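Structural features, examined
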Amino acid sequence: MYRKAAEARMMQLRNLTLLEELSRRIVAGWEEAYAGAVQEKHADALLKHEVRTIELPLQTVSEADHERISKEIKAYADDPSKVWIKNWKQRVLDRYDEQQAGTSRPYSMELHTLRLGDIAIATNDFELFTDFGTQMKSRSPALQTFIIQLCGPGSYVPNERAVRGGSYSAIIESNLVGPAGGQVLTEETLKSINAQFKK
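As the structure is a computational prediction, the values presented were derived from the model and not from experiment.

For the rest of this paragraph, the subject is the overall build of the chain. When you go through the chain residue by residue, the secondary structure sums to seven helices and six strands. Sequence-ordered secondary structure for the chain, helices as α and strands as β, is α-α-β-α-α-β-β-β-α-β-β-α-α. Whereas a compact globule of 199 residues would reach a radius of gyration of roughly 16 Å, the chain reaches 21 Å, over 25% beyond that. Projecting the C-alpha coordinates of the chain onto the three principal axes gives extents of approximately 65 × 55 × 25 Å. Scored against the burial criterion, the 199 residues of the chain give a buried share of 32%. Here the contacts in the chain between residues at least 6 apart in sequence split such that 72% fall between residues at least 24 apart. Taken as a whole, the chain presents about 13100 Å² of accessible surface, with 55% of it coming from carbon and sulfur. The averaged location of the 27 negative side-chain charges in the chain is 4 Å from the averaged location of its 26 positive side-chain charges.

Looking at where serine 192 falls in the secondary structure, it is placed in helix H7 (residues 179–196). A distance of 2.3 Å separates polar atoms of two side chains, one belonging to serine 192 and the other to glutamate 50.

Turning our attention to the packing of aromatic side chains. The geometry of an aromatic ring pair is captured by the separation of the ring centres together with the interplanar angle, meaning the angle of the planes. Under the definition given, this model contains five aromatic pairs. With a centroid separation of 5.9 Å and an interplanar angle of 20°, the aromatic rings of tryptophan 30 and tyrosine 34 are classed as stacked. In this pair, tryptophan 30 and tyrosine 34 both sit in helix H2 (residues 18–37), four residues apart, roughly one turn of the helix. By the ring-pair criterion, three or more aromatic residues cluster together here, those being Trp84, Trp88, Tyr156 and Tyr168. For the cation-ring pair, arginine 115 lies above phenylalanine 197, with the distance from its terminal atom to the ring centre recorded as 4.1 Å.

Ranked by size, the top nonpolar core spans 21 residues in total, and within it Leu56, Met109, Phe126, Leu128 and Leu185 carry the most contacts. For this core, the leading source of residues is strand E2 (residues 107–116), giving three residues.

The next subject is the packing of helix H5 (residues 130–139) against H7. For the pair H5 and H7, the least separation of the axes is 10 Å and the interaxial angle reads 20°. By the angle between their axes, H5 is roughly parallel relative to H7. Crossing of H5 against H7: the hand is right-handed. Every residue of H7 that contacts H5 at Phe132, Gln135, Met136 and Arg139 is listed here: Pro179, Gly182, Gln183, Leu185, Thr186, Glu187, Thr189, Leu190 and Asn194. Within the contact of H5 with H7, the residues separate by chemical class into five nonpolar, six polar and two charged.

All right, on to the environment of arginine 14 then. Position of arginine 14 among the secondary structure elements: in helix H1 (residues 4–14). Residues arginine 14 and glutamate 127, spaced 113 residues apart in sequence, show a C-alpha to C-alpha distance of 32 Å. Beyond its immediate chain neighbours, meaning those up to four positions away, arginine 14 contacts Glu21 and Arg24.

Cut-off values and rules
Residues numbered from 1 in each chain as written. Predicted model: local features only at pLDDT ≥ 70, side-chain atom pairs only at ≥ 80, totals over all residues. Heavy atoms only, no water. Helix = DSSP H or I, 4+ residues; strand = E, 2+ residues; numbered from the N terminus. Rg over C-alpha atoms; globule rule 2.2 N^0.38 Å. Buried < 20%, exposed > 50% of the residue type's maximum accessible area, 1.4 Å probe, protein only. Contact = heavy atoms within 4.5 Å. Areas by Shrake-Rupley, 256 points an atom, 1.4 Å probe, with all protein chains shown as cover. Lys, Arg positive; Asp, Glu negative; His and termini not counted. Charge placed at Lys NZ, Arg CZ, Asp CG, Glu CD. Polar contact = N/O pair within 3.5 Å; in protein donor to acceptor, adjacent residues only side chain to side chain. Phe/Tyr/Trp six-rings, centres within 6.5 Å; stacked < 30°, edge-to-face > 60°. Lys NZ or Arg CZ within 6 Å of the ring centre and 35° of its normal. Core = buried A, V, L, I, M, F, W, Y, C linked by side-chain atoms within 4.5 Å. Axes fitted to C-alpha atoms, helices over the stretch in contact; angles between N-to-C directions. Parallel < 35°, antiparallel > 145°, perpendicular 65-115°, else oblique. Left-handed = near helix turned anticlockwise from the far one by under 90°. Nonpolar A, V, L, I, M, F, W, Y, C, P; charged D, E, K, R; others polar.

So, to be careful, I would describe these as geometric facts and stop short of saying anything about function.
The following block contains the structure:
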């Protein structure tokens with residue numbers, strides 16, 4: 001968070017706590033949106049809702065990931081304070097074993113899309129990297145599209161650039177679904193939204 005010092009200074013100048021500042025922003029945002037929305041009321045807005053189960057390809061666990069994680073787990077073996085990290089990493093090795101045995105299955109997700117007048121709403125299980133949400137919004141036929149994330153047990157879904165960079169949210173331990181799955185999610189979401197806006 002590169003604006004921490006500036007944010008803290010503004011809260012101090014306004015004599016607000018963090019909770020008060022967040023509350024102030026929510027109320028201001030609501031009042032601003034309501035001032036416009038109240039001028040355009042509809043009693044007959046079209047409402048459509050679709051629920052589909054989609055399957056997303058899992059992120060492949062590479063040989064290099066397997067080798068690295070195996071070494072890291074051994075290093076944690078005698079440290080009780082690292083049990084949760086060990087278990088987190090072990091899940092990747094379990095995925096690798098399933099992958100090698102040919103028993104791994106795609107990630108199954110319940111996708112909800114709604115049309116309310118000229119607005120679209122879509123849900124997913126994940127914390128998506130911005131690229132995917134931007135694609136969904138920019139390619140949607142709706143006047144405004146809302147992507148509601150973290151509606152299930154999903155993990156991060158990184159883009160290719162993030163995977164190459166190796167940040168926490170893009171390493172194999174942090175995601176079940178990788179860039180390819182993120183693109184499938186994007187296309188499936190758009191397919192559902194587009195169907196709701198066909199005349």
